[in-house]
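Overview (structure and organization)
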Amino acid sequence: AWSDRSLPGQEFVLVCLDHVVVLTYTPCVFQVSKKDFDGFKKLFHRFLQVEGPSVDWPKIHRPPEDSIQPYDKIAALPLPDSLADSLNKLVVVKLNGGLGTSMGCKGPKSLISVRNENTFLDLTVQQIEHLNKKYNTDVPLVLMNSFNTDEDTKKILQKYTHHRVKIHTFNQSRYPRINKESLLPVATDIGMTGENADVWYPPGHGDIYASFYNSGLLDQLITEGKEYIFVSNIDNLGATVDLNILHHLVSQPNGKRCEFIMEVTDKTRADVKGGTLIQYDNKLRLLEIAQVPKAHVDEFKSVTKFKIFNTNNLWISLGAIKRLQEQNAMDMEIIVNPKTLDGGQNVIQLETAVGAAIKSFDNALGINVPRSRFLPVKTVSDLLLVMSNLYSLEAGSLTMSQKREFPTTPHVKLGSSFTKVQEYQTRFESIPDMLELDHLTVSGDVTFGKQVSLKGTVIIIANHGDRIDIPAGTILENKIVSGNLRILDH
């Protein structure tokens, strides 16, 4: 187990498995670092005690019928004349710890433009401001940043000074990566530069409970009369405040108040790795693929046995978070995430997931919501969908266009030439009309002219060394395009 003590001067001592590690610090960061190390010690100690898979497969059962409610049943209940009282009890929390590196962008992912020059953060602020103006309420926005995103995010927040949204931030913890063989931290000091640039990590969004509590912001919001947070990933453009779910939460009788709601949605073959809800030891529990014994992974991926998955849209009682933190009763499985550093060193980082705490809360509930509430932008292929005429934008919210005959989202797969946002932008003179598209695959050196229309199934493949320029105004319907097609200025 870990122990620590501060020394005179500027050092922090960690003792792990009879090894002593001395990390230097500056006094101004000591207080934050002390809380981080306390949290890390607990997590690491639990990691050493865990043996084998965290679930006993025969004990897994389907959740009882009443533990996952269909959204239609919740939405059928009439809303009160005044929604202001309910909204004034709500805080919107966005998980804002991620960088845009997977899409070839520097800085926080939330600052990538996704629609009409609006970033993820712009759209979030517009949504909440619309609610506050329409209902004359005070719903604040809280951003959980990481050390990777905090500085850039705070700079950009100045632009929202005159918007009708109070914005708060707090930081995730900063934990040291661990050498896979020695189980010692690879950090040599508490700094973030030079050799230490990649030896620290934010420990997953399950860290929200401790960091929120430690920041003092949780207590502040409770004092202001707030009762629930709506938590979601900032890159999920479907995760807007739902008045029906909020009303369901606040209208429960006191003794049966639901402390945790997880929005789930029907699984498709694209979602087979997503976490699902199960009944385990008489508690509703989130089962992630990392917890599944290898012999049962195919069973876990089955769309017939496990029909729903977690959208990571969560509604959680602030009072319950405070109680569980103070009782040290927040129980989340540890996710061991192996990484290889740039120098080739194998490390592990210990993480937790915010939804895994569902079993710690009273009267927890799943709500099976429409797929429209899960619209994540993880890749440039997703970005093409949300930038297209498949969606209309109003008050920061994207909704599927009424002109599309089928409510399903087309399957889009753009090749490696489109991986980075900057490359992608140079390949489209304008975003194609995709209202009647079912499937699009693009591979190789391909560009699109203005006002291209894609319908049905379209596959465009430029082989190595070839290039395909789709001319302006082209209509492709159920077509395979391959070979070499160049259009040159005359």
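Residues numbered from 1 in each chain as written. Predicted model: local features only at pLDDT ≥ 70, side-chain atom pairs only at ≥ 80, totals over all residues. Heavy atoms only, no water.

1. Some thoughts on the layout of surface pockets
For clarity, the cut-off: Cavity and pocket criteria rest on a 1 Å grid covering protein atoms alone: a 1.4 Å probe that fits but cannot get out defines a cavity, protein on both sides within 12 Å along at least 5 of 7 lines defines an open pocket, and an atom within 4 Å of a point defines a lining residue. Grid points are joined across faces, edges and corners, and a volume is the space filled by probe spheres set on the points. Numbering of helices and strands starts at the N terminus; helices are DSSP runs of H or I of at least 4 residues and strands are runs of E of at least 2. Three residue categories are used. Nonpolar comprises Ala, Val, Leu, Ile, Met, Phe, Trp, Tyr, Cys and Pro, charged comprises Asp, Glu, Lys and Arg, and polar comprises the others, including Gly.
When its volume is computed, the second largest pocket comes out at roughly 590 Å³. Surrounding the second largest pocket, 23 residues form its lining, Gly-39, Lys-42, Ala-210, Gln-325 and Asn-328 being those nearest its centre. Secondary structure elements with two or more residues in the lining of the second largest pocket: α1 (27–49), α6 (208–215) and α10 (318–326). Per element, the largest residue contribution to the lining of the second largest pocket is six residues, and it comes from α1. Residues that form the lining of the second largest pocket fall into these classes: 10 nonpolar, seven polar and six charged.

2. As for the sheet that holds strand β19 (residues 346–351)
Within a sheet, neighbouring strands are paired by backbone hydrogen bonds and run either parallel or antiparallel to one another. Threshold: Strands are labelled as partners when DSSP assigns at least two bridges between them.
Taken in spatial order, the three strands of this open sheet run β11-β19-β18, and their pairing is antiparallel. If you trace the sheet from one side to the other, it starts and ends with β11 (178–179) and β18 (335–340), each paired once. The sheet contact formed by β11 and β19 spans two bridges and is antiparallel. Looking at the pairing, Asn-179 lines up with Val-347 of β19.

3. Brief notes about the packing of aromatic side chains
For clarity, the threshold we go by: In this scheme Phe, Tyr and Trp rings, the latter by its six-membered ring, pair at centre separations within 6.5 Å, and the angle between planes marks the pair as stacked below 30 degrees, edge-to-face above 60, and tilted otherwise. Whether a residue is buried, partly exposed or exposed follows from its accessible area with a 1.4 Å probe, protein chains only, as a fraction of its type maximum: under 20%, in between, or over 50%, in that order.
On inspection of all chains with the given rule, the structure shows 15 aromatic pairs. Both rings, one in Phe-309 and one in Phe-374, keep their centres 5.0 Å apart while their planes meet at 80°; by these two values the pair is edge-to-face. In this pair, Phe-309 is assigned in strand β17 (residues 308–317) and Phe-374 in the loop between β20 (365–368) and α11 (380–387), connecting sequence segments 65 residues apart. For Phe-309, a relative accessible area of 3% corresponds to the buried category. Through successive ring pairs, a cluster of aromatic residues spans Phe-40, Phe-44, Phe-47, Tyr-175 and Tyr-201.

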